[in-house]
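Below are the chains, spelled out letter by letter.
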Amino acid sequence: MPERIALVTGGGRGIGANVARALAGDGWSVVVAARSRDEIESVAEEVGGRAVELDVSSRESVERAVAEAGDVELLVANAGRAPSSSPPSWTQPVDDWWQTFEVNVLGVHLCCRAVIPGMLARDRGRIVITASGAAYLPNSTNSAYPASKAAVARYGETLANELDGRIPVFFFSPG
């Protein structure tokens, strides 16, 4: 049986690290990816996987990481950003507000865009996207996070329609 490679973005801590652990326990070869080198190395060592530094908001970084990962059969697009402070939206620096979208939405798109051609060529693969309940229950006082998670949930639904019958695409809202 060929090696089953799972790429987990945001895999250095929290949900991503726990997903990496579960996948390794199920026999996947896990590539743990994030910007935090020490965290991903620790999780990769723990699960017997590989660590790949990755900035999901950079097309070049994503393409390099996917090439380094190999034939990804499962993408867990988990990397995300929630602002640490929540000033009113109209006072938040625009670059900070937009960076949330770059990580939470563009990052998911870049990762999907990088793995889908190989999945289609191999006629095998699946994509799981971490969304958030904030997408439909916006209780935050900062508009960037819930708006970006609503966008990524709709992106996942649309991508699932585009790939219907070829690659299953799921999103889930933890908590």
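Counting from 1, residues in each chain are numbered in the order their sequence is written. At least 70 in pLDDT is required for a residue's local features to be given in this predicted model, at least 80 for side-chain atom pairs to be given and counted, and no such filter applies to totals for whole chains, interfaces and linings, which use all residues. Here the side-chain values reflect all heavy atoms present in the structure, with hydrogen atoms and water set aside.

Colleague: How do you make sense of the sheet that holds strand β4 (residues 72-77) when you look at a structure like this?
Modeller: Two modes of strand pairing occur in sheets, parallel and antiparallel, and in both the strands are linked by backbone hydrogen bonds. Read across the open sheet, the 6 strands follow the order β3-β2-β1-β4-β5-β6; overall the sheet is parallel. Single-partner strands in this sheet number two, and they are β3 (50-53) and β6 (169-172). Across this sheet, the average inter-strand angle for adjacent strands is 20°, counted without regard to direction. Sheet topology places strand β1 (residues 5-9) next to β4; 4 bridges connect them, and they run parallel. Think of it this way: DSSP has to see at least two bridges between two strands before they count as a pair. A run of H or I in DSSP counts as a helix once it spans at least four residues, and a run of E counts as a strand once it spans at least two, with each numbered from the N terminus. A fitted line through C-alpha atoms serves as each axis, taken over the contacting stretch for helices, and the angle formed by two N-to-C directions is quoted from 0 to 180°.

Colleague: Whenever I open this one, unusual backbone geometry confuses me. Can you help?
Modeller: Negative phi characterises most residues that are not glycine, and trans characterises most peptide bonds. Phi is positive for Asp123, which is not a glycine, with a value near 55°. Taking relative accessible area as the criterion, Asp123 reaches 64% and is therefore assigned exposed. To sort residues, take the accessible area from a 1.4 Å probe on protein chains only and compare it with the maximum for the residue type: under 20% means buried, over 50% means exposed, and anything in between is partly exposed.

Colleague: Where do I start with the pattern of salt bridges in this structure?
Modeller: Opposite charge on two side chains lets them pair, provided their charged atoms get close. Any carboxyl oxygen of Asp or Glu that lies within 4 Å of a side-chain nitrogen of Lys or Arg is treated as forming a salt bridge with it. Counted under the stated rule, the structure contains 12 salt bridges. Notably, a salt bridge pairs Glu63 with Arg113, separated by 3.9 Å at the nearest N-O pair. With Glu63 in helix α3 (residues 59-69) and Arg113 in helix α4 (residues 94-122), the pair connects residues that are 50 residues apart, well separated along the chain. The class for Arg113 is partly exposed, based on a relative accessible area of 42%.

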